[in-house]
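Descriptive structure summary
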Amino acid sequence: MTRQIRATSTRNSRRLRACGVVLGLVLTASCSKASLMAPSSSTLTLLVSRTTVGLSTSVNVTALVYESSGTPVHDGTVVDFFATLGTLSPAQTTTKNGQATVQLLTGTESGISEITAKSGGATLASTVKVTVGAAAAGVVELAASPISLPSTGGTSVLTATVSDASGNRLSGIPVTFSHNAGSLDQSSASTDSNGQAQSRLTTLVNSTVTALVAGGTSGSLTSFPVIITLRTPPIATFGTVTASGFTATLQYSAFPGADGTAITSVTIAFGDGASQGSLGAGSAQSIVHVYGSVGTYVARLTVVDAAGETTIASTAVVVR
């Protein structure tokens, strides 16, 4: 009987020791999973890389967590972040040298995102706000290239640039283009990573265009109007044409068009294969040409201005 009791006691002791080992492992595992939080005397301060940002982009959000002594909290201290607009990635992270950084990812909604954070008993110094999308727009500028089109009409590329009040360009901002003549290939577009949106205007007459952003910092923003003009061709006319024998005298005039673009070339082809260039511009100019035989010839006056606009006039020259 004594031997049985001792054997039983030995087995029970072994079981207790085994249970103790298991319990110790469980407690150790539980402690290793416990999150490290900032002590209650700590201060948490938030910083953002930009206070204004476009749509579908990102902003760095950094939490500075320091103890009351002014030293950073232990590395690995957990910080949770929260935002009223957009998505935080990740929403929770840990500190290194007292800093924890995440990104605010903006979506397709404009507005103001208020960001907060917490860690244990740390006191949040203040929230930060990031103005997102069209709500951040402060200026919209419009440019056209080219600003003047041929007299027969053409196409100009319109570029709208959207920036915040500090001149930082904003992406993903919807822009609406308007015009009073011609046709646009698209009436609205969103700004790219350079803060620019484009459309193309095709017109046969002068046209005034503008760009608009709805919901800017002071309501709807409209660019200064840009006037796309059609160039006017130069004026070319023949006056009196006289012929004495084989010698003909041709009178002509060459003037800039209504837009005043300077004349760069005046040439007359006499109709017999001969021509003369580098002629003077102005009113009632004269030139003499000797033909080789009788007949009726068609003389052509060609006037070109600095914009490349060309006008051609013709007249008959009768040699008897």
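Every value quoted in this text rests on a predicted model; they were computed, and no experiment measured them.

Rules of the game
- Residues numbered from 1 in each chain as written.
- Predicted model: local features only at pLDDT ≥ 70, side-chain atom pairs only at ≥ 80, totals over all residues.
- Heavy atoms only, no water.
- Helix = DSSP H or I, 4+ residues; strand = E, 2+ residues; numbered from the N terminus.
- Buried < 20%, exposed > 50% of the residue type's maximum accessible area, 1.4 Å probe, protein only.
- Contact = heavy atoms within 4.5 Å.
- Areas by Shrake-Rupley, 256 points an atom, 1.4 Å probe, with all protein chains shown as cover.
- Phe/Tyr/Trp six-rings, centres within 6.5 Å; stacked < 30°, edge-to-face > 60°.
- pLDDT = per-residue confidence, 0-100.
- Salt bridge = Lys/Arg side-chain N within 4 Å of Asp/Glu carboxyl O.
- Pairing = 2+ DSSP bridges.
- Polar contact = N/O pair within 3.5 Å; in protein donor to acceptor, adjacent residues only side chain to side chain.

1. So, the overall build of the protein
- Along the backbone of the protein there are one helix and 27 strands.
- Across the 320 residues in the protein, those meeting the buried criterion constitute 35%.
- Counting contacts in the protein only where the partners sit at least 6 residues apart, residues at least 24 apart contribute 58% of the total.
- When the accessible surface of the protein is summed, it comes to about 17000 Å², and 53% of that surface belongs to carbon and sulfur atoms.

2. As for the environment of L104
- Inspection of the secondary structure assignment puts L104 in strand β7 (residues 99–105).
- In the structure, L104 is positioned 14 residues away from P90 in sequence and 8.8 Å away in space, judged by C-alpha atoms.
- Apart from residues no more than four positions distant in its own chain, L104 is found in contact with T57, S58, V59, V61, A83, L85, G86, T87, L88, S113, I115 and V130.

3. Observations concerning the packing of aromatic side chains
- Scanning the model with the defined rule gives one aromatic pair in all.
- Between the aromatic rings of Y291 and Y297, the centroid separation amounts to 4.4 Å while the plane-to-plane angle is 25°, which identifies the pairing as stacked. Each member of the pair, Y291 as well as Y297, carries the same accessibility label: buried.

4. Considering the confidence of the model for the protein
- The share of residues in the protein with pLDDT of 70 or more is 88%, and the mean pLDDT across the chain is 89.
- Predicted confidence for residues 1–32 stays below pLDDT 50, and this span has zero contacts to residues more than four positions away or in other chains.

5. Comments concerning unusual backbone geometry
- The omega torsion of the bond from S89 to P90 falls at -10°, within 30 degrees of zero and hence cis.
- For P90, the position within the fold is in the loop between β5 (87–89) and β6 (92–94).
- If you check the backbone angles, S56 has positive phi at about 50° while not being a glycine.
- Summarising the element assignment, S56 is placed in the loop between β2 (52–53) and β3 (58–66).
- A positive phi angle is found at S278, which is not glycine, with a value near 55°.

6. Thoughts on the pattern of salt bridges
- Counted by the stated rule, this structure contains one salt bridge.
- A salt bridge links R231 to E309, with the shortest nitrogen-to-oxygen separation between them at 3.4 Å. On the criterion of sequence distance, the pair formed by R231 in the loop between β20 (226–230) and β21 (235–244) and E309 in the loop between β26 (295–305) and β27 (310–319) is long-range, its members being 78 residues apart. Neither residue differs from the other here; R231 and E309 are each classed as buried.

7. Points about the sheet that holds strand β4 (residues 78–83)
- Spatial ordering of the open sheet is given by β2-β10-β8-β4-β6, a layout of five strands whose pairing is mixed. The sheet is open, and its two borders are formed by β2 and β6, each paired with just one other strand.
- Bridge analysis of β4 against β6 gives three bridges, and the strand direction is antiparallel. Its bridge partner lying in β6, V79 is registered against T93.

8. Observations regarding the side chain of S113
- Mapped onto the fold, S113 is located in strand β8 (residues 111–118).
- One polar contact links the side chain of S113 to the main-chain carbonyl oxygen of L85, over a distance of 2.7 Å.
- Dropping the residues within four chain positions of it, S113 is found in contact with A83, T84, L85, L104, V128, K129, V130 and V132.

9. Considerations on the environment of L142
- For L142, the position within the fold is in strand β11 (residues 139–145).
- If we ignore the near neighbours within four places in the chain, the residues touching L142 are L158, T159, A160, F177, V209, T210, A211, S223, F224 and V226.

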